[in-house]
Amino acid sequence: ENTQKGRYREFLQCDADIIGCSSLTADAEILALLYEIYQDLGLNIVLEVNDRKLLEGNEPQNLSALDKLDKIGPEGVKKELIEKGLNQNAADELFDRIINAPESDSLKMIRQLFTDMGYPNNKLIFNPTIIRGLNYYTGMIVEVRLVDSLVSLAGGGRYDKLIGKFTGKDLAATGFAIGFDRTLEAMEDAGVLPSLSTNTQVLVTVFSMELEQESMAITKKLRSVGISTELWLEANDKLDKQLKYADQKGIPFAVIIGPEESNANKLMVK
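Cut-off values and rules
- Residues numbered from 1 in each chain as written.
- Predicted model: local features only at pLDDT ≥ 70, side-chain atom pairs only at ≥ 80, totals over all residues.
- Heavy atoms only, no water.
- Helix = DSSP H or I, 4+ residues; strand = E, 2+ residues; numbered from the N terminus.
- Rg over C-alpha atoms; globule rule 2.2 N^0.38 Å.
- Buried < 20%, exposed > 50% of the residue type's maximum accessible area, 1.4 Å probe, protein only.
- Contact = heavy atoms within 4.5 Å.
- Areas by Shrake-Rupley, 256 points an atom, 1.4 Å probe, with all protein chains shown as cover.
- Lys, Arg positive; Asp, Glu negative; His and termini not counted.
- Charge placed at Lys NZ, Arg CZ, Asp CG, Glu CD.
- Pairing = 2+ DSSP bridges.
- Axes fitted to C-alpha atoms, helices over the stretch in contact; angles between N-to-C directions.
- pLDDT = per-residue confidence, 0-100.
- Patch = residues over 30% accessible without salt bridge, like charges linked within 9 Å, V, L, I, M, F, W, Y side chains within 5 Å.
- Salt bridge = Lys/Arg side-chain N within 4 Å of Asp/Glu carboxyl O.
- Core = buried A, V, L, I, M, F, W, Y, C linked by side-chain atoms within 4.5 Å.
- Phe/Tyr/Trp six-rings, centres within 6.5 Å; stacked < 30°, edge-to-face > 60°.

1. Description of the overall build of the protein
Part 1 of the reasoning: Counting secondary structure elements, the protein contains 10 helices and 10 strands.
Part 2 of the reasoning: Against the compact-globule benchmark of 18 Å for 270 residues, the protein has a radius of gyration of 27 Å, which places it well outside the compact range.
Part 3 of the reasoning: Each of the three principal axes of the protein carries a C-alpha extent, and together these read 90 × 40 × 40 Å.
Part 4 of the reasoning: Each of the 270 residues in the protein was classed as buried or not, and the buried ones make up 43%.
Part 5 of the reasoning: Sequence-distant contacts, at least 24 apart, represent 65% of the contacts inside the protein between residues at least 6 apart.
Part 6 of the reasoning: If you sum the accessible surface of the protein, you get close to 15800 Å²; carbon and sulfur atoms cover 51% of it.
Part 7 of the reasoning: Put simply, the protein has 30 plus and 41 minus side-chain charges, and the middle of one group is 2 Å from the middle of the other.

2. Side note on the sheet that holds strand β7 (residues 202–204)
Part 1 of the reasoning: Taking strand neighbours across the sheet as the criterion, the four strands line up as β8-β7-β9-β10 in an open arrangement whose pairing is mixed. Every other strand in the sheet has two partners, leaving β8 (229–231) and β10 (268–269) as the edge strands with one partner each.
Part 2 of the reasoning: Bridge count for β7 against β8 is three bridges, and the pairing is parallel. Following the sheet pairing, L203 is matched in β8 by E230.
Part 3 of the reasoning: Running at roughly 165 degrees to β8, helix α8 (residues 212–224) makes contact with β7 and β8 of the sheet.

3. Observations concerning the confidence of the model for the protein
Caution applies to low-pLDDT regions: their predicted coordinates should not be interpreted in detail.
Part 1 of the reasoning: Confidence along the protein averages 92 in pLDDT terms, with 99% of residues attaining 70 or more.
Part 2 of the reasoning: The spread of mean pLDDT over the elements of the protein runs between helix α2 (residues 60–66), the lowest at 79, and helix α5 (residues 105–116), the highest at 98.

4. Some thoughts on a nonpolar patch on the surface
Part 1 of the reasoning: Taken together, the side chains of F253, L267 and V269 define a hydrophobic patch exposed on the protein surface, amounting to about 270 Å² of accessible area.
Part 2 of the reasoning: Position of V269 relative to the elements: it lies in strand β10.
Part 3 of the reasoning: Looking at V269, the relative accessible area reads 52%, which means it is exposed.

5. Section: the nonpolar core
Part 1 of the reasoning: Of all hydrophobic cores here, the largest spans 28 residues; its most connected members are L31, L34, Y38, L43, I45 and L47.
Part 2 of the reasoning: Contributions of two or more residues to this core are made by α1 (24–41), β2 (45–51), α5, β3 (124–126), β4 (140–146), β5 (152–158), β6 (173–179) and α7 (180–190).
Part 3 of the reasoning: The leading source of residues in this core is α1, at seven residues.
Part 4 of the reasoning: Aside from chain neighbours lying at most four places away, what touches L43 is Y38, L146, L153, T183, A186, M187, A190 and V192.

6. A few points about the sheet that holds β4
Part 1 of the reasoning: Strand order across the open sheet formed by six strands is β1-β6-β5-β4-β2-β3, with mixed pairing between neighbours. Where the open sheet ends on each side, the last strands, each with one partner, are β1 (13–19) and β3. Strand after strand, the sheet turns through a mean of 20 degrees between neighbouring axes, direction not considered.
Part 2 of the reasoning: Strands in contact with α1 are β1, β2, β3, β4, β5 and β6; relative to β6, the strand with the most contacts, it is inclined by about 15 degrees.
Part 3 of the reasoning: Packing of α7 onto the sheet brings it into contact with β1, β4, β5 and β6, and relative to β6 it is tilted by some 50 degrees.

7. Points about the packing of aromatic side chains
Part 1 of the reasoning: The tally for this structure, following the rule as stated, stands at six aromatic pairs.
Part 2 of the reasoning: Among the aromatic residues, those joined into a cluster by ring pairs are Y35, F114 and Y119.

8. Observations regarding the pairing of strand β9 (residues 253–256)
Part 1 of the reasoning: Two elements, β7 and β9, share three bridges in a ladder whose sense is parallel. Looking across to β9, one finds that V204 is bridged to V255.
Part 2 of the reasoning: When β9 meets β10, the two strands line up antiparallel, connected through two bridges. Bridging across to β10, V255 finds its partner in V269.

9. Observations regarding unusual backbone geometry
Part 1 of the reasoning: Phi angles above zero are rare outside glycine, and D148 is one such case at about 65 degrees.
Part 2 of the reasoning: If you trace the backbone, D148 turns up in the loop between β4 and β5.
Part 3 of the reasoning: Of note in this structure, N265 is not a glycine but carries a positive phi near 55 degrees.

Have a look at this one:
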């Protein structure tokens, strides 16, 4: 994977799926959940949908070129199609056929169900160039993007044949995965990321390697009486760094056990 803004070599995603139901209502419910999630997060998004059945009969390698339309433009897509073996006329014909494909009856029904649930019709946009790179999709496919942005935050669709490839028994399924990192960055950029306060009440600092055991002992005592306590884990770190950490995390109290406190069998609460 080529790393880019919001996309790393390791990623975290949050999934929701409905298994064992082939009804289009399940697809509408998945879209409703996606919409609700991003509404709750405070992001202005649209749901772009397509029907994988509209793309049947096309080589996957050609579809992968069409999936890059937003990035490389129409001429870039046609150039890549030619590089993949199509002549100019075939590339033009395929591009025009996909770009002008009508919304399928299934998508029209899903749209009706979505709006019947009370969600805005203008948030569901038919985009015949939404491909999604995975070939296991069998019906509706969806991508979530910010309004006025090409960045995809989440995606998914119906995959009625995938489970059967592993179990030998087909199970209808539809769902999505949210890109956690991209969604988090979008919230930061939009200024809607809430300030999360820690549950930790006390940070027990470690003055030195020699006094680490005493810090561990007081940590255990505090925890035993129900005080949420965090122990500093790097004994060689300076005290200033530890106190700055407590301040940044919003931890209200810090316990310090230095040589003087240790000799007097006391501790300092800051």
